[in-house]
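What follows is the residue order along each chain.
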Amino acid sequence: MNKQKVAVLGGGIQGICVALALAKDPRYIIHLIDKNKSLLQETSLINEGKIHLGFVYALDDTFQTAERMLHDGLSFAPTLEYLVGHKIDWGRISSSRFEYLVSQHSMVGKDLLLEYYHKINDCYQTLKDDDLLHYLGNRLDSLLPPLEVAGLDNFGEIKAGVVTEEKSVNTIKLRRILLEAVSASTSIHTETDCLISHIRRDVSGFRLTGEKSHAAWQENFDIVVNCLWTGRLQLDQQMGMLPDFKWIYRKKYRLLAMLPTELQWLKSYTIVQGQFGDLVNYETSQETYLSWYPSCMKGLSHEVTPPKSWSEEADQEQIIRESLTSLNRIFPGIEMARVLNLSSGVIFARGKTDISDVESELHTRFEQRV
Ligand SMILES: Cc1cc2nc3c(=O)[nH]c(=O)nc-3n(C[C@H](O)[C@H](O)[C@H](O)COP(=O)(O)OP(=O)(O)OC[C@H]3O[C@@H](n4cnc5c(N)ncnc54)[C@H](O)[C@@H]3O)c2cc1C
């Protein structure tokens, strides 16, 4: 059988999942191409890893984002297990449960938020008996365990708190699992250090050009799947396929830190609703993920590709100082955390304005086509 030669562009989580899915079909031979020297080094590595169940989308009053997130959140683990071909010990790679802390500056009132969380749980009741779905290895009775957030008085500026079953996965550990699956596949050829700059259609399929290890490179493929995230629209534009909606790139930092001993009791938290932040503690890791939106968001662009200047680092000291000072208003004492790493990634989404705008499309994610 003549196999079709497929180029999967981008070795982040999207590209790897596409490559693993295609590798299950004997008709394809897959070239997984990335500009970095190894896979999964960019957004999919530095992100918070939250497997959303819809709790942060209370500003979508159509409820469609929550419905979509809920279904997709419950599909994430079974889909990955299917793709890597074995069960995953999610307990070892996930965070503690998220507690949602309602800020006194929330864009949505406390009662409305609580009503919204209960609506998500009602929706979950219609999905929980589906054998194909589970949430990170768990088949839960309810997404809202009947628990109070312990020691609400310990948190500053907080009006209410709700314990949820939502969790994050540790992206460093998930990366290892995905890389093992890619290496184990005989149908996937990994091409790293390969920067794609052009695509054009020719009689037999597509011609890709770029640079491999800094030397000119070109190759023909029958099929191309574009999973380049920040690089995606540049090639889509060359194919006359720019999206018909407005998009927004946001450059966002995150901190990895060691908490002071007296704060090591902290679980994982999302502060809602608006431009606040998150604190994530993973079960088998000493490091805590921290972000404070107003201090960590360092760029917004509607261009075809994010500005070149985004590859230069912003003032790191300032981001760390401002983030910790702001988080200290919620988690007193966190100012003393020892920051181990500060990195940034880019979020690409449909929308025109930032999340401070209640009308922003960033609050409604059900129509995303990325
Ligand atoms: C700070 C932050 C926190 C986030 N938190 C969450 C969260 O909690 N939950 C959630 O669901 N999502 C979250 N996201 C979004 C999530 O990270 C992205 O949706 C996801 O990682 C995108 O995966 P990807 O594979 O498309 O992109 P990437 O991981 O960026 O992969 C794209 C790959 O393409 C390669 N590439 C790009 N251009 C070229 C080129 N021209 N030639 C060759 N290779 C190229 C890159 O090297 C990269 O490896 C967050 C994002 C950020 C920035």
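See the structure shown above.
Everything numeric here is computed off the predicted structure, so don't read it as measured data.

Parameters at a glance
Residues numbered from 1 in each chain as written. Predicted model: local features only at pLDDT ≥ 70, side-chain atom pairs only at ≥ 80, totals over all residues. Heavy atoms only, no water. Salt bridge = Lys/Arg side-chain N within 4 Å of Asp/Glu carboxyl O. Helix = DSSP H or I, 4+ residues; strand = E, 2+ residues; numbered from the N terminus. Buried < 20%, exposed > 50% of the residue type's maximum accessible area, 1.4 Å probe, protein only. Contact = heavy atoms within 4.5 Å. Core = buried A, V, L, I, M, F, W, Y, C linked by side-chain atoms within 4.5 Å. Domains from an automatic or database assignment. Near = heavy atom within 4 Å. Polar contact = N/O pair within 3.5 Å; in protein donor to acceptor, adjacent residues only side chain to side chain. Areas by Shrake-Rupley, 256 points an atom, 1.4 Å probe, with all protein chains shown as cover.

K.L.:
How do you make sense of the pattern of salt bridges when you look at a structure like this?
P.N.:
Where charged atoms from two side chains of opposite charge approach closely, those side chains can pair. Tallied over the entire structure, the rule returns 11 salt bridges. Between Lys128 and Asp141 there is a salt bridge, with its nearest N and O atoms 3.7 Å apart. Highlighted residues: Lys128 in the loop between helix 5 (110-125) and strand 4 (158-163) and Asp141 in the loop between helix 5 and strand 4, separated in sequence by 13 residues. Taking relative accessible area as the criterion, Lys128 reaches 23% and is therefore assigned partly exposed.

K.L.:
I'm lost on helix 1 (residues 13-22) in this one. Help?
P.N.:
Because each turn of an α-helix spans 3.6 residues, side chains separated by three or four positions end up pointing in the same direction. Every buried residue of helix 1 is accounted for by Gly15, Ile16, Cys17, Ala19, Leu20 and Leu22. If you follow the buried residues of helix 1, they end up packed against strand 1 (4-9), strand 2 (28-33), helix 3 (64-84), helix 6 (171-184), strand 5 (188-191) and strand 9 (223-226).

K.L.:
Explanation requested: the nonpolar core in the structure shown.
P.N.:
Considering soluble globular proteins, one finds that nonpolar side chains tend to be buried as a cluster. Ranked by internal contacts, the top residues of the largest apolar core, which has 64 residues, are Leu20, Trp90 and Tyr117. The element that contributes the greatest number of residues to this core is helix 3, accounting for 9 residues. When residues of this core are assigned to domains, at least three map to each of domain 1 (4-44 + 175-238) and domain 2 (50-169 + 246-363). Beyond its immediate chain neighbours, meaning those up to four positions away, Tyr117 contacts Phe55, Tyr100, Leu144, Val162 and Val272.

K.L.:
I keep staring at the site of the ligand and nothing clicks. Help me out?
P.N.:
The environment of the ligand is formed by 29 residues, the closest being Gln14, Asp34, Thr43, Ser44 and Lys50. Residue Asp34 places a side-chain N or O atom 2.6 Å away from an oxygen atom belonging to the ligand. Taking Glu48, its main chain carries an N or O atom lying 3.3 Å from a nitrogen atom of the ligand. If the ligand stood free it would expose 1,000 Å²; the protein chains cover 88% of that surface. Those elements that provide at least two residues to the shell around the ligand are helix 1, helix 2 (43-46), strand 6 (194-202) and strand 15 (338-350). Residue contributions to the shell around the ligand reach at least three from each of two domains, namely domain 1 (4-44 + 175-238) and domain 2 (50-169 + 246-363).

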